[in-house]
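Residues per chain are reported as follows:
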Amino acid sequence: MEISGESTPQPAVVRLKAVEATPNTFGEYGQVIEASPDGEKFGPQDAQLDLSRGIPRFYIMHLEARPLKFSKITHHASVTQCLGSIGGNVWYLGVAKPSIVDSSKSKAEKGLNAVQSRCGHLYMPPAVDDVRVFRIAGPKFLKLNLGTWHAGPLFKADAMDFYNLELSNTNVDDTTHYFKKKDGVVFLIDD
């Protein structure tokens, strides 16, 4: 018997199969960076970074209790971001393609669904069907393209540490889409 009036509908569960992150599978979202010989010249195999819009921040991020599920996704409009687990342990990242809208375009070109972030840029919210999940294992890291939507790092262990390269204000200037609230969806990762 319901006493309070309206009930809150249960979110739909979307199960996503994790794909191994390789330069080919991850290319639409960024780069997979693996070890290269010392002295090798800079080239396309190296992280193609954009840290020009602020003060770079490189730190070790300690995370606890990040199970293989998510209901929100974030992008950074001012920086490419690099993430890698210390020790090469397995971790997962949900992603969707960048959807920042060029502010110089006319209103008709921007589309009716463009949203203005609290930081001022315009973006299209990511679609549920566009979300993918990648599995990252071994001594490598991911470089996320500018504006790539991401959820995680997620992992099975109780806690993990990650190298993180972003800007000093990245966590302040994040743009987040809440799938559970806006789309009624929670994602679960199948490995």
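Residues numbered from 1 in each chain as written. Predicted model: local features only at pLDDT ≥ 70, side-chain atom pairs only at ≥ 80, totals over all residues. Heavy atoms only, no water.

Visitor: Could you give me a rundown of the pattern of salt bridges, with the residues and numbers involved?
Guide: Applying the stated criterion across every chain yields a total of seven salt bridges. Across the pair Arg53 and Asp50 runs a salt bridge whose closest N-O atoms are separated by 3.9 Å. Its relative accessible area of 46% is what places Arg53 among the partly exposed residues. The partner of Arg135 in a salt bridge is Asp191, and the shortest N-O contact between them spans 3.6 Å. With Arg135 in strand S12 (residues 132-136) and Asp191 in the segment after strand S17 (185-190), the pair connects residues that are 56 residues apart, well separated along the chain. Owing to a relative accessible area of 25%, Arg135 belongs among the partly exposed residues under this scheme. Overlapping salt bridges bring together Glu20, Arg135, Lys140, Lys156 and Asp191 as one network. (Salt bridge = Lys/Arg side-chain N within 4 Å of Asp/Glu carboxyl O. Buried < 20%, exposed > 50% of the residue type's maximum accessible area, 1.4 Å probe, protein only. Helix = DSSP H or I, 4+ residues; strand = E, 2+ residues; numbered from the N terminus.)

Visitor: Can you tell me about unusual backbone geometry, naming the residues and giving the values?
Guide: Residues Gly152 and Pro153 are joined by a peptide bond in cis, for which omega reads 10°. Mapped onto the secondary structure, Pro153 falls in strand S14 (residues 149-154). Phi at Ala65 takes a positive value of approximately 50°, unusual for a residue other than glycine. Tracing the sequence through the fold places Ala65 in the loop between strand S4 (56-64) and strand S5 (69-70).

Visitor: How would you explain the side chain of Thr148 if you had to name every residue and give the values?
Guide: Along the polypeptide, Thr148 turns up in the loop between strand S13 (140-144) and S14. Residue classification places Thr148 among the buried positions, given a relative accessible area of 1%. At 2.8 Å, the side chain of Thr148 forms a polar contact with the backbone oxygen of Tyr29. Contact partners of Thr148, with chain neighbours within four places excluded, come to Tyr29, Thr74, His75, Val95, Ala96 and Pro98. (Polar contact = N/O pair within 3.5 Å; in protein donor to acceptor, adjacent residues only side chain to side chain. Contact = heavy atoms within 4.5 Å.)

Visitor: Please provide a residue-by-residue account of the packing of aromatic side chains, values included.
Guide: Each aromatic ring pair is specified by the distance between its two centres and by the angle formed by the two planes. Tallying each qualifying case throughout the model produces nine aromatic pairs. Note on Trp91 and Phe162: the rings are 5.2 Å apart at their centroids and 80° apart in plane angle, and the pair reads as edge-to-face. Of the two residues, Trp91 sits in strand S8 (residues 91-96) while Phe162 sits in strand S15 (residues 159-167), which places them 71 residues apart along the sequence. Each member of the pair Trp91 and Phe162 is classed as buried. A ring pair is formed by Tyr123 and Trp149, whose centres lie 5.5 Å apart and whose planes are at 65°; its orientation type is edge-to-face. Taken together, the positions of Tyr123 in strand S11 (residues 122-123) and Trp149 in strand S14 put the pair 26 residues apart, joining distant regions of the chain. For the pair shown, Tyr123 and Trp149 are each scored as buried. Taken together, the ring pairs connect Phe26, Tyr29 and Phe134 into an aromatic cluster. (Phe/Tyr/Trp six-rings, centres within 6.5 Å; stacked < 30°, edge-to-face > 60°.)

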